[in-house]
Amino acid sequence: MNRRELIRHFFNISILGSITSLTSISNSYANNVSKVVILGAGWGGLSAAKTIKKLNPSISVTVIEQNKDFQSCPVSNWVIGDLKSMDDITFSYDSLKNNYSIEFLHEKAEKINFNKKNISTEDNIIEYDKLILSPGIELDYSNIENWTNDSNIVFPAAWKAGKETELLAKQVKNINDGGVVCISIPLSPYRCPPGPYERASLIASYLSKYKKRSKLIILDANEKIVSKGKLFMDFWKTNYSNIIEYRANSGVVGVDNDRVLITDFDDIKCDVANIIPKQRVSKFLKDNNLVEDGKNWAPVNAFDFSSTIQKDVFIIGDSTSQSDVGRVPKSGYIANSMGKVCGLAVVSELMDMEKLTPSMINTCYSLVSDKEGISVSAVYTYDTNSKKIIPTSSGLSPKSSKIIKKNAWDWAQNIWEDMLL
Ligand SMILES: Cc1cc2nc3c(=O)[nH]c(=O)nc-3n(C[C@H](O)[C@H](O)[C@H](O)COP(=O)(O)OP(=O)(O)OC[C@H]3O[C@@H](n4cnc5c(N)ncnc54)[C@H](O)[C@@H]3O)c2cc1C
């Protein structure tokens, strides 16, 4: 098997399934210890770290992550719907760290020096040969009038899994029977297109069981449901017609004390208010000039996720611009695929091997109740004409079913294992 065939073989199984160890082979190609630094131990960063170590254990990989544990956004809506606890979606980085000899630095990254090829935290400066950035998103409340620094205690977003997830779950649980829950959904693109509608479904499912007289108002800034629209709508009509009121083109433009949400049409008094604000590229990328002025997302080459602005820098995950990558959703599964494509590209550069054309996959499961789910899947490839990632096939589940709920949980367990073990 020549090097090209070898890497193609690896690539196919790494993107579509488990990764085979190439320890002995890769060692023979590596002469010097190359240093890869990865910012962000979320869905993109972990996948890139493990891919690189699987391909070539002799490459030094350091991950900079501000949090001590991994808390999963996928399945965090299940916590809000009272189906799982935060413990069920919180994991240690230790197994990955020990199994693959990956260094973890639990600090906040502050600055990149592109000339000296280093990235610094408050206490450390770490040198790199290749730098992979997967810092996720920034929540942007700038268009919401009267928003203050502690408004998120009253109006938790719960759009990064953690304390706000717990807070929102508690608020929903404690609502009086007959109370009103509001969810506000920002204009697309945002992280996890079907996520807000899954959350609405699970809150409605909870209310229909335990607080039957309560209501859920969905204030959507978009003109219609962004993902799996008909499947959500059909389920809501059949099961939650007394609970859910869906209002399109109704972005929240302001808040008032005492849980009032202001849209262009109405002031709505809520007992629980979940504001999911608009989103943009992580501030870290903006501060380090990896985003053009006036743009909201980071530009990359879709072939290998290299930055179009800085050499030896790669950007993956939710921070990337769909105008460059193509119309892939901002999802954990896609971030995981990007991590594999990018990890392989970085190893190819370090080992002076030809890069291969990427392909990626995404399946997005959403629960519509405590018992049933719906899904959408797509396979993507790199299109040499447009230089973007395009879908080659895709499909929606025909209707909701119990088996999809089971598939959703199996998927989550498999992909957590893929990233963290
Ligand atoms: C409610 C909800 C449900 C979802 N459900 C699904 C689902 O079912 N399926 C699916 O595929 N996707 C789902 N997603 C989307 C998925 O969570 C994101 O697409 C994914 O997390 C993106 O990965 P990422 O690596 O870009 O960012 P993240 O996973 O957010 O990782 C970024 C990491 O970088 C760290 N970081 C950032 N800046 C710094 C810094 N300066 N210094 C140190 N560390 C830093 C952060 O702490 C974080 O750990 C869901 C999202 C939400 C909110």
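Reference entry: report on the structure contained in this document. Quantities reported herein were computed from a predicted structural model and do not represent experimental measurements. (Residues numbered from 1 in each chain as written. Predicted model: local features only at pLDDT ≥ 70, side-chain atom pairs only at ≥ 80, totals over all residues.)

## What to know about the site of the ligand
Right, so step 1: What surrounds the ligand is a group of 36 residues, the closest being Gly40, Gly42, Cys73, Gly136 and Gly317.
Right, so step 2: Breaking the shell around the ligand down by element, the ones donating at least two residues are helix 3 (43-55), helix 4 (76-80), helix 12 (332-350) and strand 20 (359-367).
Right, so step 3: Here the residues of the shell around the ligand are counted per class, giving 15 nonpolar, 16 polar and five charged.
Right, so step 4: Split by domain, the residues of the shell around the ligand number at least three in each of domain 1 (3-66 + 107-136 + 282-356) and domain 2 (140-279). (Near = placed C-beta within 6 Å. Helix = DSSP H or I, 4+ residues; strand = E, 2+ residues; numbered from the N terminus. Nonpolar A, V, L, I, M, F, W, Y, C, P; charged D, E, K, R; others polar. Domains from an automatic or database assignment.)

## Focus on the pairing of strand 22 (residues 388-396)
Right, so step 1: Alignment of strand 21 (residues 373-383) against strand 22, held across eight bridges, turns out to be antiparallel. Bridge pairing in strand 22 links serine 377 to glycine 395.
Right, so step 2: The loop that links strand 21 with its antiparallel partner strand 22 comprises four residues; one of these, lysine 387, has a positive phi angle of about 60°. (Pairing = 2+ DSSP bridges.)

## Some details on the environment of asparagine 336
Right, so step 1: If you trace the backbone, asparagine 336 turns up in helix 12.
Right, so step 2: Its 26 C-beta neighbours within 10 Å are what place asparagine 336 among the buried residues.
Right, so step 3: Sequence separation between asparagine 336 and isoleucine 415 is 79 residues; the distance between their C-alpha atoms is 8.5 Å.
Right, so step 4: Each residue touching asparagine 336, except ones within four places of it in the same chain, is listed here: Trp43, Ser47, Ile415 and Met419. (Buried ≥ 20, exposed ≤ 12 C-beta atoms within 10 Å, placed from the backbone. Contact = placed C-beta atoms within 7 Å.)

## Quick word on the sheet that holds strand 9 (residues 130-133)
Right, so step 1: Overall, parallel pairing links the five strands, which are arranged 5-2-1-9-19 in an open sheet. Two strands in the sheet have a free side with no partner beyond their single neighbour: strand 5 (103-105) and strand 19 (313-315). Going across the sheet, the axis of each strand differs from the next one's by a mean of 20°, ignoring polarity.
Right, so step 2: Bridging between strand 2 (residues 60-64) and strand 5 involves three bridges; their strand directions are parallel. Note on strand 5: the bridge partner recorded for valine 63 is phenylalanine 104.
Right, so step 3: Strand contacts of helix 12: strand 1 (35-39), strand 9 and strand 19, with the helix running at about 175° to strand 9, the strand carrying the most contacts. (Axes fitted to C-alpha atoms, helices over the stretch in contact; angles between N-to-C directions.)

## Comments concerning the nonpolar core
Right, so step 1: Counting residues in hydrophobic clusters, the biggest one holds 115 residues, and the most contacted among them are Ile132, Ile203, Leu216, Ile315 and Cys342.
Right, so step 2: A total of 11 residues in this core trace back to one element, the largest contributor, which is helix 12.
Right, so step 3: When residues of this core are assigned to domains, at least three fall in each of domain 1 (3-66 + 107-136 + 282-356) and domain 2 (140-279).
Right, so step 4: Beyond its immediate stretch of four places on either side in the chain, leucine 216 contacts Val181, Ala200, Ile203, Ala204, Leu207, Ile243 and Ile244. (Core = buried A, V, L, I, M, F, W, Y, C linked by C-beta atoms within 7 Å.)

## With respect to the sheet that holds strand 15 (residues 260-263)
Right, so step 1: Spatial strand order, 14-15-16: three strands in an open sheet with antiparallel pairing. The two strands at the open ends of the sheet, each matched to only one other strand, are strand 14 (252-256) and strand 16 (267-269). The average undirected angle you get between the axes of adjacent strands in this sheet is 25°.
Right, so step 2: Both strand 14 and strand 15 contribute to a ladder of four bridges, which runs antiparallel. Note on strand 15: the bridge partner recorded for valine 255 is leucine 261.

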